[in-house]
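The chain contents come next:
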Amino acid sequence: MDGNAEAALVTYDLKGPVAVIGLNRPEKRNAISDRVVEALDEVVAQAAREARAAVIYGNGPHFSAGLDLAEHVQKTSFEAVKNSRLWHSVFERIERGTIPYISALNGAVVGGGFELAAATHIRVAEDSAFFAMPEGMRGIFVGGGGSVRIARLIGAARMADMMLTGRAVKATEMERWGGVSYVTGEGGALDKAMELAARTAENTEMSNYAILNALPRIQDMSSEDGLFLESIMASLTSSTLEAEERLRAFLEKRAGKVKAPDDD
Ligand code: 1HE
């Protein structure tokens, strides 16, 4: 980990090809202050330079209690706009960067914490995880990209329900809603996230790049434009030397087959 003061709010480790990023304000339930966003900005840049995949988790029993309300209470409207736009730029670099991000979720995944998780590509939740959007209760609105990302993930109606009522949703319910892809037992999310990150790190960089960057953009396009971009991306990815070698390896029986899922 870097020895500067910013990095202490967010820990960073490189384990093989995987950057391991930990929100590190457990005494404040990993509430996201301006300095946490700045520290995230730095580690996201570092991960892009040296890792092939990344995991984000929360130190302590909660992933994140969201926006640091203590800091927010005194912001002018212009400061709040700038703050929200800073969150957007950092989360955008997570979501549409060059490496896949997997989030390991436990305890509170609340407000901006859920928005951060929504910017990652795969969400793994422990049984203990609960999801809430208490913005209505607090007299505020989402500002970390949730109205775009969370609404698309679980549907605007479910998000509106969460924001209006402030109710907490269990991990298993969130899985049913499509907000998380995996639910593990207690203490299992980080291991599962590391396993998934290591798996994605084996893909070609170009293929991962296309998945992270073309797929969400195609969702925003007309079918006609989406199909066109799909063809361009298919052509770009399959014409790399790495792709050619991987296709040959399968045909020459040097590469693994797709495995049927294990019985649960
Ligand atoms: C905080 C924050 C915070 C805790 N900002 N300081 N987020 C919320 O509305 C969630 C607010 N937090 C909670 O409801 C609870 O803290 C938890 C359910 C997450 C955890 O409960 P618990 O009992 O484990 O902890 P605690 O005793 O409530 O909190 C411990 C300390 O963390 C305490 O400070 P202390 O000085 O009294 O020890 C809390 O004040 C502090 N703390 N959460 C600041 N969020 C880009 S827009 C996004 C909009 C949002 O994110 S809205 C959602 C805001």
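Side note on the overall build of the protein
Regarding its fold elements, the protein presents 13 helices and 9 strands. Taking 18 Å as the expected radius of gyration for a compact globule of 264 residues, we find that the protein reaches 19 Å, a close match to that expectation. For the protein, with 264 residues in total, the buried portion stands at 45%. The contacts in the protein between residues at least 6 apart in sequence include a share of 71% that link residues at least 24 apart. Approximately 13,800 Å² of the protein is accessible, and the part contributed by carbon and sulfur atoms is 55%.

So, the confidence of the model for the protein
Here the protein averages 95 in pLDDT, and 97% of its residues register 70 or above. Helix H1 (residues 5-9) is the least confidently modelled element of the protein, averaging 63 in pLDDT, while strand E4 (residues 101-105) averages 99, the highest of any element. Low pLDDT, under 50, characterises residues 1-7; the predicted model gives this stretch 12 contacts beyond four residues in sequence or across chains.

Some remarks on helix H7 (residues 146-154)
Of all the positions in H7, only Gly 146, Arg 149, Ile 150, Ala 151 and Ile 154 are classed as buried. Among the structural elements, helix H4 (77-95), helix H5 (112-119), helix H8 (156-165) and helix H9 (171-176) are those in contact with the buried residues of H7. Looking one or two places after H7, you find Gly 155, whose phi comes out positive at around 100°.

Some words on the layout of surface pockets
Estimates place the volume of the largest pocket at around 820 Å³. Sorting the residues of the lining of the largest pocket by element identifies helix H10 (189-201), helix H12 (223-238) and helix H13 (241-251) as the ones contributing at least two each. When the residues that make up the lining of the largest pocket are grouped by side-chain class, the tally is 7 nonpolar, 6 polar and 7 charged. Computed from the structure, the second largest pocket encloses a volume of approximately 680 Å³. In this structure, the second largest pocket is lined by 26 residues; those nearest its centre are Glu 95, Arg 96, Ala 118, Arg 149 and Pro 216. Elements that contribute at least two residues to the lining of the second largest pocket include exactly H4, H5, H7 and helix H11 (205-219). When residues in the lining of the second largest pocket are grouped by element, the largest group, 6 residues, is from H7.

Concerning the pattern of salt bridges
All chains considered together, the criterion is met by 14 salt bridges. Where Asp 41 meets Arg 93, a salt bridge forms, and the shortest distance between an N and an O atom there is 1.9 Å. Linking Asp 41 in helix H2 (residues 34-50) with Arg 93 in helix H4, this pair joins segments that are 52 residues apart in sequence. Note on Asp 41: relative accessible area 28%, which makes it partly exposed. With a relative accessible area of 35%, Arg 93 lands in the partly exposed category. With its nearest N and O atoms 3.3 Å apart, the salt bridge here joins Lys 192 to Glu 195. Of the two residues, Lys 192 and Glu 195 both sit in helix H10, 3 residues apart, roughly one turn of that helix. Each member of the salt-bridge network shares a partner with another, and the members are Asp 34, Glu 71 and Lys 75.

Some details on the site of the ligand
Taken together, 23 residues surround the ligand, and among them Lys 28, Arg 29, Ala 65, Gly 112 and Arg 138 come closest. At 2.7 Å from a nitrogen atom of the ligand is found a main-chain nitrogen or oxygen belonging to Ala 65. Contacts to the ligand include Leu 67, whose backbone N or O atom sits 2.9 Å from an oxygen atom. When isolated, the ligand has an accessible area of 1,000 Å², and the protein chains bury 65% of it. Elements with a contribution of two residues or more to the shell around the ligand: helix H3 (69-72), strand E5 (108-110), H5 and helix H6 (135-138). Of the residues contributing to the shell around the ligand, the split by class is 10 nonpolar, 6 polar and 7 charged.

Brief notes about the packing of H7 against H8
The geometry of H7 relative to H8 is characterised by a closest axis approach of 7 Å and an angle of 115° between their N-to-C directions. On the side of H7, the interface is formed by Gly 146, Ser 147, Ile 150, Ala 151 and Ile 154, while H8 contributes Ala 156, Arg 158, Met 159 and Met 162. Here the contact of H7 with H8 is built from residues that sort into 6 nonpolar, 2 polar and 1 charged.

Conventions we followed
- Going along each chain's sequence as written, the residues are numbered from 1 onward.
- Reporting in this predicted model follows two pLDDT cut-offs: at least 70 for local features of residues, and 80 or more for side-chain atom pairs to be given and counted; totals over whole chains, interfaces and linings ignore these cut-offs and use all residues.
- Where side-chain values are given, they derive from all heavy atoms of the structure, hydrogens and water being excluded.
- A run of H or I in DSSP becomes a helix once it reaches four residues, and a run of E becomes a strand once it reaches two; helices and strands are each numbered from the N terminus.
- Radius of gyration means the value over C-alpha atoms here, while the globule rule gives 2.2 Å times the residue count to the 0.38 power.
- Relative accessibility decides the category of a residue: with a 1.4 Å probe and only protein chains considered, values under 20% of the type maximum give buried, values over 50% give exposed, and everything between is partly exposed.
- In this analysis, two residues are considered to be in contact whenever any of their non-hydrogen atoms come within 4.5 Å of each other.
- Each accessible area value is a Shrake-Rupley result obtained with a 1.4 Å probe; residue values ignore everything except the protein chains displayed when judging cover.
- Along the chain, pLDDT gives the predictor's confidence residue by residue, from 0 to 100.
- Grid points spaced at 1 Å and placed over the protein atoms alone form the basis of the search, with a cavity being a set where a 1.4 Å probe fits but cannot get out and a pocket an open set showing protein on both sides within 12 Å along at least five of seven lines. Lining residues have an atom within 4 Å of a point.
- Grid points are joined across faces, edges and corners, and a volume is the space filled by probe spheres set on the points.
- All residues other than Ala, Val, Leu, Ile, Met, Phe, Trp, Tyr, Cys, Pro, Asp, Glu, Lys and Arg, Gly among them, are scored as polar; the first ten of these are nonpolar and the last four charged.
- By convention in these notes, a salt bridge is any Lys or Arg side-chain nitrogen within 4 Å of a carboxyl oxygen on Asp or Glu.
- For this description, a residue counts as near a given molecule or strand if any of its non-hydrogen atoms is within 4 Å of it.
- Counted as a polar contact is a pair of N or O atoms within 3.5 Å, where, for protein atoms, one must be capable of donating a hydrogen and the other of accepting one, and residues adjacent in sequence contribute only when both atoms are in side chains.
- With axes taken as lines fitted to C-alpha atoms, and helix axes fitted only over the stretch in contact, angles between N-to-C directions fall between 0 and 180 degrees.

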